[in-house]
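Residues per chain, in single letters:
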Amino acid sequence: MRLDPVGRLLKLPPAVTRHVRVTKALPIRMRDGANLRADLYAPAIDAEVPTVLVRTPYGRGAPVSVLCRAVAQRGFNVLIQSCRGTADSSGRFEPLLQEREDGLDTLDWLRLQPWYDGRLLTYGPSYVGFVQWALAAEAGDELKAMATIVTASDFGPPTYAGGAFSLDTVLTWSALLEAQRGPRLENAVELLRGQPRLQRGLARVPMAEADRVTVGAEIEFFQRWLAEADPAAPYWTQRGHTHRLPRVNAPVLMIGGWHDIFLPWQLADYTALRAAGQQPYLTVGPWHHGSAGLFQQSAAEAVAWFRAHTGGLEQIRDRPVRVHVGGADGWLELADWPPPSSTPQRWYLGASATLAPEHPGALPAGGPDRLDPDELGWPTPVAAAAAEPRSEHGDGGRNGAEIADDLGWPTPTASLATETKAGTESGIEDGIEEGLDDGLGWPTPTAAPEGRAGRGPSGDVLDSFVYDPKDPTPALGGPRLVGKIAGRRDNRPLEARPDVLTFTSAPLAEPLDVVGPVSADIMVRATTAERDGDVPAPYFDVFVRLCEVDEQGRSWNICDGLARAAAGRDPSAPVHVELWPTAHRFAAGRRIRIQVSGGAHPRFSRNPGTGAPFGHELELRKVRQEVLAPSYVTLPLAR
């Protein structure tokens, strides 16, 4: 092809035609009479071709329309359909509820079309990936392959990650959906101003008023999600599809990111498919939910995956799991996830803010040359540019908003931008950062507090802090919905706060490779900080973050997680925190750091200290948390 900028950008295989016939706003009738509108991109070639189905609530305009055209040029019909109640589709959009029935009705419609040859493929990220799981178990042999990207089969567990409410994700997504329906000029102005209404909503107490502050009206599903706080309740099981995974027979490609909001649950889907005897393929890269590198990689892998499963010449890689190893500038190919050869090792929080391994002599003595390449498939480290451009943020140095400029998939920010005017993509992201600075008490970096307690025998206090829900510990980087505030960040401003404890190892004599699930067990004694005496405080959160400290003293977040304690827990037992998994090489000379704090707002809702249900935070109580020995983090060491 002489001119194929999108194909080159996305590293797609050569096009088979330049010409694509586009039919707009096709009505597809659902069983209840609703008409869901769809656009068909058909390659102008004289042959039967498979059909890629994309069902989305984010509209059908640019940049996704450009992607559809590029995929069609590779020899596929592409049908992109607006979910009910979105764009020009009729009906009422209630997130998650009717995607199974609407997907099956769409498949029934496809079977009647003369251009449909009986080979169905599905593609898309986030909610567009969720709707694939809604359809997959009942699509039969027609479903030849799936490409699910940064998504999960059930949105209930991610909504209540760690037992808290995923406020940032849910409210920001709510604002996105409302903005798509609102006046374009008004939305453009709001974006340019940095989304002040969203910032006020994220900071609002109680949370039940956050939607009205943000969009000026009550959002029914936001209120319902505050009330339905048990992801195992009928409300969520009716809307989730995890129980359908054992009946999915189509080949599944799963693409995720180490800093993606859905990663733990996407990996749980992988495990469920493996337990059912399936062999999904998994790629996890150095990406967050809106990374440009994620979009590029997923488009290229999906087209190759679809071709390989519909008679093309593409070859599927030998090892089904491919993960990017931070700090090694390379990719690791594995037979399974998590790697069965990884060995868990405890690293104990110690006196004077120290961190040390349980068995120091067990550390690898030679870095990557000690790893068995036949067992792990560890590659020779390559320059990051061979995979994609790299920055300290691990995402090619580009934020999620820039994806729109390069014709990428519409992340929430990019989707908002397509409904407004060019140049406003980063407004929502900048606004959230400003909200952290101005509305959430972000501190000026200062020296770490002095006078912290040392470690003694088991049960002794290692250190303590006071968590104040009126000034909640802010979130910095990590898995966030909006690209510009997600990913790797220098954590020194966060670690300067008095409500954030750090425990740091000595410089490593040799490289340390950590590949697999990460967890922490933190002994905590929690008391009510504003009352006399040692009054137990049963309601609190424990946030734990794994960082790498470089030679300049910068502290880069690797992975993290939160757990919410509840009344009735055994105070003599540690609080167990499941962190996001990772694959990272800690280089010789660098140090491992563990942060412990009482939250990461607004990524996780603040804990009011009272046990009040979500949305009813009428009283906010300070809680003092004493971290006791023995407390430790468990790292999976690659052998």
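Since this is a predicted model, take the numbers as computed values, not measurements. Each chain carries its own residue numbering, running from 1 in the written order of its sequence. Selection of residues for local features in this predicted model requires a pLDDT of at least 70, selection of side-chain atom pairs for listing and counting requires 80 or more, and totals for whole chains, interfaces and linings are taken over all residues. Note that water and hydrogens are dropped before the side-chain values are worked out from all heavy atoms of the structure.

**Q** What is the right way to look at the overall build of the protein chain in this model?
**A** A run of DSSP states H or I qualifies as a helix once it reaches four residues; a run of E qualifies as a strand once it reaches two. Both are numbered from the N-terminal end. For the protein chain, the count of helices and strands is 19 helices and 20 strands. Note on classification: 1.4 Å probe, protein chains only; a residue is buried when its accessible area is under 20% of the maximum for its type, exposed when over 50%, partly exposed between these limits. Split into buried and exposed, the 639 residues of the protein chain put 60% on the buried side. Taking all contacts inside the protein chain whose residues are at least 6 apart in sequence as the whole, residues at least 24 apart take part in 77%. What sets the accessible areas is the Shrake-Rupley method with a 1.4 Å probe; for residues, cover comes only from the shown protein chains. Accessible surface computed for the protein chain: about 23500 Å², of which carbon and sulfur atoms make up 51%. Contact between two residues is taken to exist if any of their heavy atoms lie within 4.5 Å; hydrogens are not considered.

**Q** Hey, could you run me through the pattern of salt bridges in this one?
**A** Oppositely charged side chains may form a pair once their charged atoms are brought near each other. Salt bridges are defined by distance alone: a side-chain nitrogen of Lys or Arg within 4 Å of a carboxyl oxygen of Asp or Glu. Per the counting criterion, the structure on display carries 39 salt bridges. Here Arg497 and Asp471 are joined by a salt bridge, their closest N and O atoms 3.5 Å apart. Of this pair, Arg497 sits in the loop between α19 (492-495) and β14 (500-504) while Asp471 sits in the loop between β13 (461-467) and α19; the two residues are 26 residues apart in sequence, bridging distant segments of the chain. Here Arg497 falls in the buried class, since its relative accessible area comes to 3%. Across the pair Arg545 and Asp560 runs a salt bridge, and its minimum N-O distance is 2.7 Å. You can see Arg545 sitting in strand β16 (residues 540-549) and its partner Asp560 sitting in strand β17 (residues 555-565), a full 15 residues away along the chain. By relative accessible area, which is 1% here, Asp560 ends up buried.

**Q** Looking at this structure, I do not really get the packing of aromatic side chains. What am I missing?
**A** Geometry of an aromatic ring pair is reported as the spacing of the ring centres plus the angle between the planes. Two rings from Phe, Tyr or Trp (for Trp, the six-membered ring) form a pair when their centres sit within 6.5 Å of each other. Planes less than 30 degrees apart are called stacked, planes more than 60 degrees apart edge-to-face, and all others tilted. Counted by the stated rule, this structure contains 24 aromatic pairs. Centre to centre, the rings of Tyr348 and Tyr632 are 5.2 Å apart; their planes meet at 55°, and the pair counts as tilted. Of this pair, Tyr348 sits in strand β11 (residues 343-349) while Tyr632 is found in strand β20 (residues 623-637), placing the two residues 284 residues apart along the sequence. In this analysis the charged atom, NZ for Lys or CZ for Arg, is taken to sit over a ring once it is within 6 Å of the ring centre and within 35 degrees of the ring normal. A cation over a ring is seen here: Arg239 above Tyr235, with NZ or CZ 3.7 Å from the ring centre. Between the NZ or CZ atom of Arg322 and the centre of the ring of Trp331, over which it lies, the distance is 4.1 Å.

**Q** What am I meant to see in the nonpolar core here?
**A** Across soluble globular proteins, nonpolar side chains show a tendency to be buried alongside one another. Tyr123, Tyr127, Phe165, Trp173, Trp225, Phe306 and Trp337 are the most contacted members of the largest nonpolar core, which totals 161 residues. Take this core: its biggest share by element is eight residues, from strand β15 (residues 512-528). Once residues lying within four places of it in the same chain are set aside, the contact partners of Tyr127 are Pro57, Tyr58, Cys83, Phe93, Pro95, Leu96, Glu99, Phe155 and Trp173. To form a nonpolar core, buried Ala, Val, Leu, Ile, Met, Phe, Trp, Tyr and Cys residues must be joined to one another through side-chain atoms within 4.5 Å.

**Q** So what exactly am I meant to see when it comes to the confidence of the model for the protein chain here?
**A** One number per residue, pLDDT, summarises how confident the predictor is, and it ranges from 0 to 100. Per-residue confidence for the protein chain gives a mean pLDDT of 86, with 82% of residues at or over 70. Per-residue pLDDT stays below 50 along residues 361-455; that stretch engages in 244 contacts with residues further than four places along the chain or on separate chains.

**Q** Whenever I open this one, the pairing of strand β19 (residues 591-597) confuses me. Can you help?
**A** Here is the key point about a regular strand: its side chains alternate between the two faces of the sheet. Extensive coverage of β19 is indicated by the burial of six of its seven residues. At least two bridges found by DSSP between two strands is the condition for calling them paired. Judged from the five bridges that link them, β14 and β19 form a sheet pairing that is antiparallel. For Thr504, the partnering residue across the bridge sits in β19 and is Arg593.

**Q** Where do I start with the packing of helix α3 (residues 99-111) against helix α4 (residues 127-136) in this structure?
**A** For any two helices packed against each other, one specifies the crossing angle of their axes together with the interaxial distance. Lines fitted to C-alpha atoms define the axes here, with helix axes fitted over just the stretch in contact, and angles between the N-to-C directions of these axes take values from 0 to 180 degrees. It is the contact of α3 with α4, at a shortest axis distance of 8 Å, that shows an interaxial angle of 75°. If you check the angle between α3 and α4, you find them roughly perpendicular. Two secondary-structure elements touch here, α3 through Glu99, Arg100, Gly103, Leu104 and Leu107 and α4 through Tyr127, Phe130, Val131, Ala134 and Leu135. Residue classes in the contact of α3 with α4 are distributed as seven nonpolar, one polar and two charged. Roughly parallel means an angle under 35 degrees; roughly antiparallel, over 145; roughly perpendicular, 65 to 115; everything else is oblique. For this scheme, ten residues count as nonpolar: Ala, Val, Leu, Ile, Met, Phe, Trp, Tyr, Cys and Pro. Four count as charged, namely Asp, Glu, Lys and Arg, and the remainder, Gly too, count as polar.

**Q** Just to check I follow, could you spell out the packing of helix α6 (residues 167-181) against helix α8 (residues 196-203) for this structure?
**A** Relative orientation of the contacting elements α6 and α8 amounts to 145°, with a least axis distance of 10 Å. For the crossing formed where α6 meets α8, the hand is right-handed. Between α6 and α8, the contacting residues are Leu167, Asp168, Leu171, Thr172 and Ala175 on the first element and Leu198, Gly201 and Leu202 on the second. Partitioned by chemical class, the residues of the contact of α6 with α8 number five nonpolar, two polar and one charged. Crossings are assigned a handedness: left-handed for a near helix turned anticlockwise from the far helix by less than a right angle, right-handed for a clockwise turn.

**Q** What exactly am I supposed to notice about the sheet that holds strand β2 (residues 35-43) here?
**A** Note: strands within a sheet are paired through backbone hydrogen bonds, in either parallel or antiparallel orientation. Pairing is mixed across the open sheet formed by ten strands, whose spatial order is β1-β2-β4-β3-β5-β6-β7-β8-β9-β10. The open sheet has two edge strands with one neighbour each: β1 (20-29) and β10 (330-334). With direction set aside, neighbouring strand axes in the sheet form an average angle of 20°. Inspection of the sheet shows strand β7 (residues 252-259) paired to strand β8 (residues 281-288) by six bridges, in the parallel sense. Each bridged residue has a counterpart across the sheet, and for Gly256 the counterpart in β8 is Val284. Across the sheet, α3 lies against β1, β2, β3 (51-56), β4 (77-82) and β5 (120-125), angled at about 145° from β3, the strand it touches most.

**Q** Would you explain the side chain of Arg74 in this entry?
**A** With respect to the secondary-structure elements, Arg74 resides in the loop between α2 (64-72) and β4. Arg74 sits in the buried class, given a relative accessible area of 3%. Apart from residues no more than four positions distant in its own chain, Arg74 is found in contact with Asp4, Gly7, Leu12, Pro13, Pro14, Ala15, Val16, Val303 and Arg307.

**Q** Just to check I follow, could you spell out unusual backbone geometry for this structure?
**A** With the exception of glycine, the majority of residues adopt a negative phi angle, and the majority of peptide bonds are in the trans configuration. The omega angle of the peptide bond from Val205 to Pro206 is 0°, so this bond is cis rather than trans. Look at the link from His601 to Pro602: it is a cis peptide, with omega at 10°. As for its placement among the helices and strands, Pro602 is situated in the loop between β19 and β20. One non-glycine residue, Lys11, lies in positive phi territory at about 55°. Inspection of the secondary structure puts Lys11 in the loop between α1 (5-10) and β1. Non-glycine residue Ser352 carries a positive phi angle of around 55°. Take Ser352: it is sitting in the loop between β11 and β12 (355-357).

**Q** What is the right way to read the sheet that holds β19 from this model?
**A** Here we have four strands laid out as an open sheet, ordered β14-β19-β16-β17, and antiparallel in their pairing. Every interior strand has two partners, whereas the edge strands, β14 and β17, have only one. Within this sheet the neighbouring strands show an average axis-to-axis angle of 20°, counted without direction. Judged from the seven bridges that link them, β16 and β19 form a sheet pairing that is antiparallel. Residue pairing in the sheet places Val544 in a bridge with Val596 of β19.

**Q** What should I look at first to understand the side chain of Glu495 in this one?
**A** For Glu495, the location among the structural elements is in helix α19. Given the relative accessible area of 8%, Glu495 is considered buried.

**Q** Teacher, can you tell me more about the environment of Thr634 here?
**A** Here Thr634 is to be found in strand β20. Looking at Thr634, the relative accessible area reads 15%, which means it is buried. It is 5.9 Å that separates the C-alpha atoms of Thr634 and Ala520, two residues lying 114 residues apart in sequence. Thr634 has contacts with Pro344, Gln345, Arg346, Pro517, Val518 and Ser519, leaving out every residue within four places of it along the chain.

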